[in-house]
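Chain by chain, the residues run as shown.
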Amino acid sequence: YFIQSNLRMDCKYVEDVTEDWILKQCSLTHSDICVVEEISIPGSIRQKISGGLGSSLVSCLSLRYLDISRNNINTLDGLQYCKALETINVYYNNISKLSEVLRLAQNPNLREIDVRLNPVSVMSTEYRLMLVHALTSLTMLDKVAVTDKDRMLSLKYHSTDQANQLTGSHNDGVQAHDYRYER
């Protein structure tokens, strides 16, 4: 039997994310914040982060893993403070600008990032090439290993693209191939 419920659950959107809010969500104390290595705050049907994290993670000096998937985040501003960050999951958010993801170039230890199901990940066929080029320490992008072939294609594409910008010609050399769904 199928029973339909008229119960409607409204989702609460958290727009002003603060360090105190992070502490409460993760059951941490102020003395924990400097040494915490993992934070997981995926969105749910009851609550989602909207906008961004701002400076809420400034004190997270040891943070290596961050899961902020399934929220309504549209900016990654503030993550540049997390220099120890190795893995970030921003799967299924609302990031629409490549410049937001490129902010992560300031995180020298970043190895893995999952940006799938964000508008930016489907906007451009060059998306993967650009991220592999800018985030040089990546080993995994969108749950797919970054290979030597990815790095070579990225270098070829960017060197050809930069040369063409200087000469004003079109990119007749390396064509951006949409290989996001291959493999």
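The rules behind these values
Residues numbered from 1 in each chain as written. Predicted model: local features only at pLDDT ≥ 70, side-chain atom pairs only at ≥ 80, totals over all residues. Heavy atoms only, no water. Pairing = 2+ DSSP bridges. Helix = DSSP H or I, 4+ residues; strand = E, 2+ residues; numbered from the N terminus. pLDDT = per-residue confidence, 0-100. Contact = heavy atoms within 4.5 Å. Salt bridge = Lys/Arg side-chain N within 4 Å of Asp/Glu carboxyl O. Buried < 20%, exposed > 50% of the residue type's maximum accessible area, 1.4 Å probe, protein only. Disulfide = S-S within 2.5 Å.

K.L.:
Can you explain the sheet that holds strand β8 (residues 140-141)? Please cite residues and give values.
P.N.:
The six strands lie next to each other as β2-β4-β6-β7-β8-β9, forming an open sheet whose pairing is mixed. Looking along the sheet, the strands with just one partner apiece sit at the ends: β2 (38-40) and β9 (144-145). Bridge count for strand β7 (residues 112-114) against β8 is two bridges, and the pairing is parallel. Paired with I113 across the bridge in β8 is L141.

K.L.:
Describe the confidence of the model for the protein chain, listing the residues and the values that go with them.
P.N.:
With 82% of its residues at a pLDDT of at least 70, the protein chain reaches an overall mean of 85. Segment residues 1-8 is flagged for pLDDT under 50; beyond a separation of four residues in sequence, or across chains, it makes zero contacts in the model. Confidence drops under pLDDT 50 across residues 169-183; counting only partners more than four residues distant or on other chains, this segment forms 32 contacts.

K.L.:
Go over the pattern of salt bridges, please, and point to the residues and values.
P.N.:
Following the criterion strictly, the structure yields five salt bridges and no others. We note a salt bridge from R128 to D150, for which the minimum N-O separation is 3.0 Å. Residue R128 is located in helix α4 (residues 127-134), and its partner D150 is located in helix α5 (residues 148-167); the two are separated by 22 residues in the primary sequence. Across this residue pair, the class does not change: R128 and D150 are buried. It is possible to trace a salt-bridge network through shared partners that takes in D77, E100 and R103.

K.L.:
Account for the sheet that holds strand β3 (residues 47-51), with residues named and values stated.
P.N.:
Reading across from one edge, β1-β3-β5 is the order of the three strands in this open sheet, with parallel pairing throughout. With partners counted over all chains shown, the strands left at the sheet margins are β1 (12-14) and β5 (72-73), one partner each. Where β3 meets β5, two bridges bridge the pair, whose relative direction is parallel. Each residue of the ladder has a partner; that of S50, found in β5, is N72.

K.L.:
Can you explain the pairing of β3? Please cite residues and give values.
P.N.:
Examined bridge by bridge, β1 and β3 share three bridges and lie parallel to one another. Within β3, the residue paired with K12 across the bridge is Q47.

K.L.:
How would you explain the state of the cysteines if you had to name every residue and give the values?
P.N.:
Scanning the model with the defined rule gives zero disulfides in all. With no disulfide of its own, C34 has C60 as its nearest cysteine by sulfur position, at a separation of 7.9 Å. By relative accessible area, C34 is classed as partly exposed at 36%. Considering cysteine sulfurs only, C82 is the nearest to C60, which forms no disulfide, with 5.9 Å between them. For C60, a relative accessible area of 0% translates into the label buried.

K.L.:
Lay out the environment of G78 with the relevant residues and their values.
P.N.:
The residue G78 is located in the loop between β5 and β6 (87-89) in this model. A relative accessible area of 2% means that G78 is categorised as buried. Note: C-alpha distance between G78 and G52 (26 residues apart in sequence) is 8.0 Å.

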